[in-house]
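Results of the structural survey
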Amino acid sequence: VAAALLSDHPEETSLRIGSLELHRLGQLLPAQIASGQFHCSRHIYPVGYLATRIYWSCRYTAVRCRYLCRIDEREGAPEFSVTVSETGHPDESFTSDTCDGVWRPLLTRIHKLRSSAGLINMFPDHITGEDLYGLTEPNILRAVESLPGLDVLKDYAFRFGRMQLIPEMPLAINPTGCARSEPKMRTYFCKSHALQTVSSARGHPSQSAASHPHHHTHLAHHHQPDSLAQSAAPYSKQYSHSKSSQYKRLRTEWQQNVYLGRSRIQGLGLFATRDLEKHSMVIEYIGEVIRNEIANKREKLYESQNRGIYMFRLDDDWIVDATICGGPARYINHSCQPNCSAEVVDVDRGRKIIILANRRVKKGEELTYDYKFDFEDSGSKIPCLCGAPHCRKWMN
Ligand SMILES: [Zn+2]
């Protein structure tokens, strides 16, 4: 179920449970979780949630119709809307700031209709808006509770527990690197930023964040590869040869190195499926290689879509955008004492971001690398949750 729900495409991934059809599970970004507005002690309301309930008509006694239920964000709080579709009538929409509030007038109408027709009451007093939304349905609840970042909630009573392993990697990636053939994937956290100033490997200033004024609404920064400086220097022929043969092997074998699971650090994380040797290539950070200007535009678009943003700066001009067409490497969390490092490696005809083990990594260990955010005037400090003995406490 979790795997099916991680997709972004409502049409393709509808999950049918009785009279409910779930189109999209939605998600909560860190700021939404921290605000406390999107959950109570009994329910969680993911933004973007979309489901169709087949339920009794408000107009005809023996007829059922479709109620499209959705959760959006409005001014920092959830907004619930239900659209009624009934043959022969125009669609009718209802909106409320509570889940029960949006369904109550509909339930009252159905109740009145049925009692005037002398039919038995269908206990509308006991059925809640959350029930009709499907939020109390066990399969959906289990998936909602395992959404990244929610494990920190202290005032919510988990029914299924906060740290679940996702048994199968919900992301099949196409290691050919052909963006269009890769499936779309859901994103959760902004781990990177298109607008960060990166000190140039060649010693001149890069595109400055100041020339693109922006507002931070999420955690959003660029990862920086370790070897940004080194990558500009020529590799010896021997070295580049061994790198490219290693890379060739990586493209077919990376799936044997990693699995996706609930992280101890935050949300989802990537773990070692087998012991990994020091300096071995673990996985490629795959995405679409785009220019700064495109990255800036996309960042705004993604934010407006309430997506997490996953971008990795390749150099001064180019950024790897893993937000839509990315691989599981984007789920690797930051640590101040990481077991991996990210390096830009020149292989074949391109520059690739490769995650390498920087020591021997034991099977089952969570993989981490140092994101190396280097903000100077960042408006918001991001606390580090890596838990390493020498944690720097802040990620930027
Ligand atoms: Zn740390």
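Below or above, wherever it landed, is the structure these notes cover.

Reading the values: the criteria
- Each chain carries its own residue numbering, running from 1 in the written order of its sequence.
- With the structure being a predicted model, the display of local features is reserved for residues of pLDDT at least 70 and the display and counting of side-chain atom pairs for 80 or more, all residues being used for whole-chain, interface and lining totals.
- The basis for every side-chain value is the complete set of non-hydrogen atoms in the structure, without hydrogens or water.
- Two strands make a pair as long as DSSP finds a minimum of two bridges between them.
- The numbering of helices and of strands both runs from the N terminus, where a helix is a DSSP run of H or I of at least 4 residues and a strand a run of E of at least 2.
- One fewer than the residue count of a helix, multiplied by 1.5 Å, yields its expected span.
- Note on bend: the value at a residue is the angle between axes fitted to the seven residues ending there and to the seven starting there.
- Any residue under 20% of the maximum accessible area for its type is buried, any over 50% is exposed, and the rest in between are partly exposed; the area is computed with a 1.4 Å probe on protein chains only.
- In what follows, residue pairs with any heavy atoms lying within 4.5 Å of each other are defined as contacts.
- Simply put, an axis is a line fit to the C-alpha atoms, just over the touching stretch for a helix, and the angle between two N-to-C directions goes from 0 to 180 degrees.

This part covers the pairing of strand E4 (residues 64-74). Pairing analysis gives seven bridges linking strand E3 (residues 50-56) to E4, with the strands arranged antiparallel. What sits directly across from leucine 50, in E4, is arginine 70. Relative to strand E5 (residues 77-85), E4 is paired through nine bridges, and the arrangement is antiparallel. Along E5, the bridge assignment pairs arginine 66 with serine 85. Hairpin connection between E4 and E5: a loop of two residues separates the two successive antiparallel strands, and glutamate 75 in this loop has a positive phi of roughly 50 degrees.

This brings us to helix H3 (residues 99-116). Look at H3: 27 Å from first C-alpha to last across 18 residues, which is about the 26 Å you get at 1.5 Å a residue. Maximum bend of H3: about 25 degrees, positioned at proline 105. For H3, every residue scored as buried is listed here: Cys99, Val102, Trp103, Leu106, Leu107, Ile110, Leu113 and Arg114. Among the structural elements, E3, E4, E5, strand E6 (92-96) and helix H4 (129-133) are those in contact with the buried residues of H3.

Ordered in space as E9-E15-E14, the three strands form an open sheet in which the pairing is antiparallel. Taken across any chain shown, the strands that pair with only one partner, and hence form the sheet edges, are strand E9 (281-284) and strand E14 (340-347). The mean inter-strand angle of the sheet, taken between neighbouring strand axes irrespective of direction, is 40 degrees.

Moving on, we get to the sheet that holds strand E11 (residues 311-313). As summarised here, the arrangement of the three strands in space is E10-E12-E11, forming an open sheet in which the pairing is antiparallel. Looking at strand neighbours, the two that pair on one side only are strand E10 (288-291) and E11, the edges of this open sheet. Ignoring which end each strand starts from, the neighbouring axes of this sheet average 30 degrees apart. Across the face of the sheet, helix H8 (residues 292-304) comes into contact with E10, E11 and strand E12 (318-321) while running at roughly 110 degrees to E10.

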